[in-house]
Amino acid sequence: MTHFSSGHTQIAQASHTDAGVVALRVLATSDLHANLLAWDYHKDKPCPSRGLARLATLIHQARAEVRQSLLLDNGDFLHGTPLGDHLAEHPARARRHPMIAAMNHLAYDAATLGNHEFSHGLPFLRRCLSGAAFPLVCTNMWETLVEGPRLAARHLVLHRDVVDDRGQSHRLRIGILGFLPPQTLVWEWRHMKGRTAAAGILDCAAMSVPALRAAGADLVIALSHSGIGGAGAGEGAENVSLALAGIAGVDVVIAGHTHLLFPTPDQSDLIGKPAVMPGFFGSHLGVIDLTLVKGCAGWRVAGHRTGLREIARRDPANGRLYPVVADDAAIVALAMPDHKALQLRTGAPIGHTPRALHSFFALLTDSPALALVAQAQAAQLTAALAGTAHAGLPVLSAVAPFKAGGRGGAENYTDIPAGTLRLRHATDLYLHPNSLVGLRLTVSELALWLERSASLYHQIAPGARDAVLIDTEFPSFNFDVIYGLSYQIDLSQPARFDARGNEVNPAARRITDLTFQGRAISPDQVFALATNSYRSGDGSGFAGAMPAHLLHAGRQANRDIVEAFIRKGGQAACPDRPSWGFVPMPGTTVVFDSNPRAVAVLPEVPHLRLAALTRLPNGFQRFRLHL
């Protein structure tokens, strides 16, 4: 079925002689994570910058502007938020999944699978996809044990009738490839082991493109559920969309997975290929306008224009978000039954906290929110190792703030008030469906782990005034704090690793004064580290995160471990003195941005010597930190 919309807007024509020019618009979504409505389920309140219902209005508008278009999704559309988890716990809803129903309503032309599609197991995924009226593609991952209809095709050719600028009709064959990180096999091993296999994205693409061309594809679009990555990203890497664009025969790249935006003000394509990465949770619609010309060698892309359209903007006067489009009423209606059921479920009380749990200063000092998660992980790993040869190892716990501003914006913080803890708060404390992993690491390896985390910070020259502290290219979910150890970070030293985890300064040392229970520790002393399946799957290049160091691989999700810990009366216990901080640099100041509500909780962190400065147009509150 052809889903092209009609309209009158045309893109600029390439020079041609006898052949007509075809204008084709490609619309792209990515990392929707079951966000159907403009609602934050962790805070249980509206959120203007998310929701397919709102994005749908932009889709309708973009289609109406042109004669012919395609709508594609780049994966992670089913899971990753409380709504996706709620539906997974009610399998009867799988065949009528509201996200699939909404995508059917919008007449998607195709979609690929992201890594989180597998987070609740293959049987559930298969039931969900059985209701899809659009084809699914997954090129570099396939089932080795097929227990029902196949999840996705290895590649697709969409046949579409298009009209050129002279009114002549043509049959266009559009090849679709779909890729996800091969590390998905490790991250989701409890669901996929023995059932699936994967290949690296680049090798698989290099083999698949010629096959797709041989099948008659005039145009090849790569749905790459993979970040853009750097020039050195090679085979087997997690984020390789830049290298993928360089493969001969790939015409268009739609990237995702890392929740960033592309194009940027400084870059409009990838190695000359049109490309978009449309944010996350439905924040943006990717728009690629192609000019296609047919010659003796077939169709070619003679010109392109790429862009993003947002569903919300910020008021420059106060930094607050406001919507720029209304919701699609039909999608709201599809979502409402599950929305109401989820609100009722996640509002259920599970425990109590005598102190507020927030992440406003989690990048600067100990955070009660992270401490609670760390304690839950450590208790679970200690119990798992009991009775084994590793029972005597001291247990540490590595945790990172999933919500600490950054690419998620000024609203992207955990902010749980003192008092009753509800189920939605447990999902706020631990967003992702990772499972618990225990690793056997030496102090030397733990120090490298922390060096990787300390790459979050810019190098600060002694005596600097109001230097920018945080590298915004470094996502906060890669900033691990290891509870159980005490240490300081010397910001005057260069970072040993870059934001992607590549070792760039092997001789650099930022981590100093590393101690355990107040005592110095030798480089070869061994600990058990509680972490997660993302880290153990080489998630972001942490030292020692490899199978040879594995002590324990649990099937229970970390989020469920946190919930169980709270239900048993567990509470955040922070040390009397901060367990980590910065080496003093007298006369040196840096600036740090957080949520405006952080001003009210400054008395909680007197040791930081923070001063509130001004509220920024992007919604953040700026602080000055005296080092």
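Going by the structure above, here's the rest.
Summarised in this report is the structure supplied together with it. (Residues numbered from 1 in each chain as written. Predicted model: local features only at pLDDT ≥ 70, side-chain atom pairs only at ≥ 80, totals over all residues. Heavy atoms only, no water.)

## Quick notes on the overall build of the protein chain
Link 1 in the chain: Regarding its fold elements, the protein chain presents 14 helices and 36 strands.
Link 2 in the chain: At 25 Å, the protein chain has a C-alpha radius of gyration in line with the 25 Å of a compact globule built from 627 residues.
Link 3 in the chain: Considered along the principal axes of its C-alpha atoms, the protein chain spans approximately 80 × 55 × 50 Å.
Link 4 in the chain: Burial statistics for the protein chain: of 627 residues in total, 58% are counted as buried.
Link 5 in the chain: The contacts in the protein chain between residues at least 6 apart in sequence include a share of 76% that link residues at least 24 apart.
Link 6 in the chain: For the protein chain, the exposed surface amounts to about 23,700 Å²; the carbon and sulfur share of it is 54%.
Link 7 in the chain: Here the protein chain carries 56 positive and 51 negative side-chain charges, and the mean point of each set is 4 Å from the other. (Helix = DSSP H or I, 4+ residues; strand = E, 2+ residues; numbered from the N terminus. Rg over C-alpha atoms; globule rule 2.2 N^0.38 Å. Buried < 20%, exposed > 50% of the residue type's maximum accessible area, 1.4 Å probe, protein only. Contact = heavy atoms within 4.5 Å. Areas by Shrake-Rupley, 256 points an atom, 1.4 Å probe, with all protein chains shown as cover. Lys, Arg positive; Asp, Glu negative; His and termini not counted. Charge placed at Lys NZ, Arg CZ, Asp CG, Glu CD.)

## A closer look at the sheet that holds strand β35 (residues 610–615)
Link 1 in the chain: Reading across the sheet, the four strands line up as β26-β34-β36-β35 and stay open at both edges, with mixed pairing between neighbours. If you trace the sheet from one side to the other, it starts and ends with β26 (467–468) and β35, each paired once. (Pairing = 2+ DSSP bridges.)

## Quick notes on unusual backbone geometry
Link 1 in the chain: Between F262 and the following residue, P263, the backbone shows a cis peptide bond with an omega angle of 10 degrees.
Link 2 in the chain: Counting through the fold element by element, P263 comes out in the loop between β13 (261–262) and β14 (269–270).
Link 3 in the chain: Even without being a glycine, H257 presents a positive backbone phi close to 80 degrees.
Link 4 in the chain: For H257, a relative accessible area of 12% corresponds to the buried category.

## Considerations on the nonpolar core
Link 1 in the chain: Membership of the largest hydrophobic core comes to 89 residues, with the highest contact counts inside it found for F361 and Y457.
Link 2 in the chain: Broken down by element, this core gets its largest block of residues, nine residues, from helix α10 (residues 368–385).
Link 3 in the chain: Filtering out sequence-adjacent residues up to four positions away, Y457 remains in contact with L363, L469, I470, F479, I489, L491, R510, W580 and F582.
Link 4 in the chain: By size, the runner-up hydrophobic cluster in this structure holds 49 residues, among which are L27, L32, M141 and L285. (Core = buried A, V, L, I, M, F, W, Y, C linked by side-chain atoms within 4.5 Å.)

## Re the pattern of salt bridges
Link 1 in the chain: Summed over all chains, the structure comprises 23 salt bridges.
Link 2 in the chain: One salt bridge in this structure joins E65 and R25, with 2.7 Å as the shortest N-O distance. Residue E65 is found in the loop between α1 (52–64) and β4 (69–73), and its partner R25 is found in strand β1 (residues 21–29); the two are separated by 40 residues along the sequence.
Link 3 in the chain: With a relative accessible area of 3%, R25 lands in the buried category.
Link 4 in the chain: One salt bridge in this structure joins E310 and R313, with 2.6 Å as the shortest N-O distance.
Link 5 in the chain: Exposure remark for E310: the relative accessible area of 23% places this residue in the partly exposed category.
Link 6 in the chain: Counted as one network, the salt bridges with shared partners bring together R25, E65, D289, R305 and R309. (Salt bridge = Lys/Arg side-chain N within 4 Å of Asp/Glu carboxyl O.)

## Notes on the pairing of strand β15 (residues 273–278)
Link 1 in the chain: Here β15 lies mainly inside the structure; six of its six residues are buried.
Link 2 in the chain: Residues of β15 alternate between two faces, with K273, A275 and M277 on one and P274, V276 and P278 on the opposite face, all of them buried.
Link 3 in the chain: Relative to β15, strand β12 (residues 252–255) runs parallel, the two being bridged by two bridges. For V253, the partnering residue across the bridge sits in β15 and is A275.

## Topic: the sheet that holds strand β6 (residues 136–137)
Link 1 in the chain: Strand order in this open sheet of six strands is β6-β5-β4-β1-β16-β17, and the pairing throughout is mixed. What marks the edges here is a single partner per strand, and that holds for β6 and β17 (298–310).
Link 2 in the chain: As judged from the eight bridges shared by β1 and strand β16 (residues 284–295), these two strands associate in the antiparallel manner. Counted as the bridge partner of V22 is L292 from β16.

## Remarks on the packing of α10 against helix α14 (residues 558–567)
Link 1 in the chain: Where α10 meets α14, the closest approach of the two axes is 9 Å, and the angle between their N-to-C directions is 95 degrees. Classified by the angle between their axes, α10 and α14 sit roughly perpendicular to one another. Contact residues: α10 offers L372, V373, Q375, A376, Q377 and Q380, while α14 offers N558, I561, V562, F565 and I566.
Link 2 in the chain: Considering only residue class, the contact of α10 with α14 consists of seven nonpolar, four polar and no charged. (Axes fitted to C-alpha atoms, helices over the stretch in contact; angles between N-to-C directions. Parallel < 35°, antiparallel > 145°, perpendicular 65-115°, else oblique. Nonpolar A, V, L, I, M, F, W, Y, C, P; charged D, E, K, R; others polar.)

## A closer look at α1
Link 1 in the chain: An ideal rise of 1.5 Å per residue puts 18 Å on 13 residues; α1 measures up with 18 Å between its terminal C-alpha atoms.
Link 2 in the chain: Burial analysis of α1 places 10 of its 13 residues in the buried class, which makes it a mostly covered element.
Link 3 in the chain: Turning to α1, its buried residues number three or more, namely L52, A53, R54, L55, A56, T57, L58, I59, A62 and R63. (Expected span 1.5 Å × (residues − 1).)

## Thoughts on the pairing of strand β31 (residues 526–532)
Link 1 in the chain: Most of β31 sits inside the fold, with seven of its seven residues counted as buried.
Link 2 in the chain: Two strands pair when backbone bridges link them, and strand β22 (residues 395–399) and β31 are joined in this way by three bridges, in the parallel orientation. Within β31, the residue paired with V395 across the bridge is A528.
Link 3 in the chain: With seven bridges joining them, strand β25 (residues 435–442) and β31 adopt antiparallel strand pairing. Each bridged residue has a counterpart across the sheet, and for L441 the counterpart in β31 is F527.

## Some thoughts on the environment of R160
Link 1 in the chain: Summarising the element assignment, R160 is placed in strand β8 (residues 156–163).
Link 2 in the chain: Separated by 92 residues in the primary sequence, R160 and Q68 place their C-alpha atoms 9.4 Å from one another.
Link 3 in the chain: Of the polar contacts made by the side chain of R160, one reaches the side chain of D109; its length is 2.9 Å. (Polar contact = N/O pair within 3.5 Å; in protein donor to acceptor, adjacent residues only side chain to side chain.)

## Digging into the packing of aromatic side chains
Link 1 in the chain: The full count for this structure, using the stated rule, is 14 aromatic pairs.
Link 2 in the chain: Seen from their ring centres, F516 and F527 are 4.9 Å apart, and the 75 degrees between their planes marks the pair as edge-to-face. In this pair, F516 is assigned in strand β29 (residues 511–516) and F527 in strand β31, connecting sequence segments 11 residues apart. The pair formed by F516 and F527 is uniform in burial state, with each residue classed as buried.
Link 3 in the chain: Summarising the aromatic geometry, the rings of W580 and F582 are spaced 6.2 Å apart at their centres and angled 85 degrees between planes, so their arrangement reads as edge-to-face.
Link 4 in the chain: Site record: aromatic cluster; members linked through ring pairs are Y457, F479, Y487, W580 and F582. (Phe/Tyr/Trp six-rings, centres within 6.5 Å; stacked < 30°, edge-to-face > 60°.)

Limitation: the analysis is restricted to geometry and does not speak to function.
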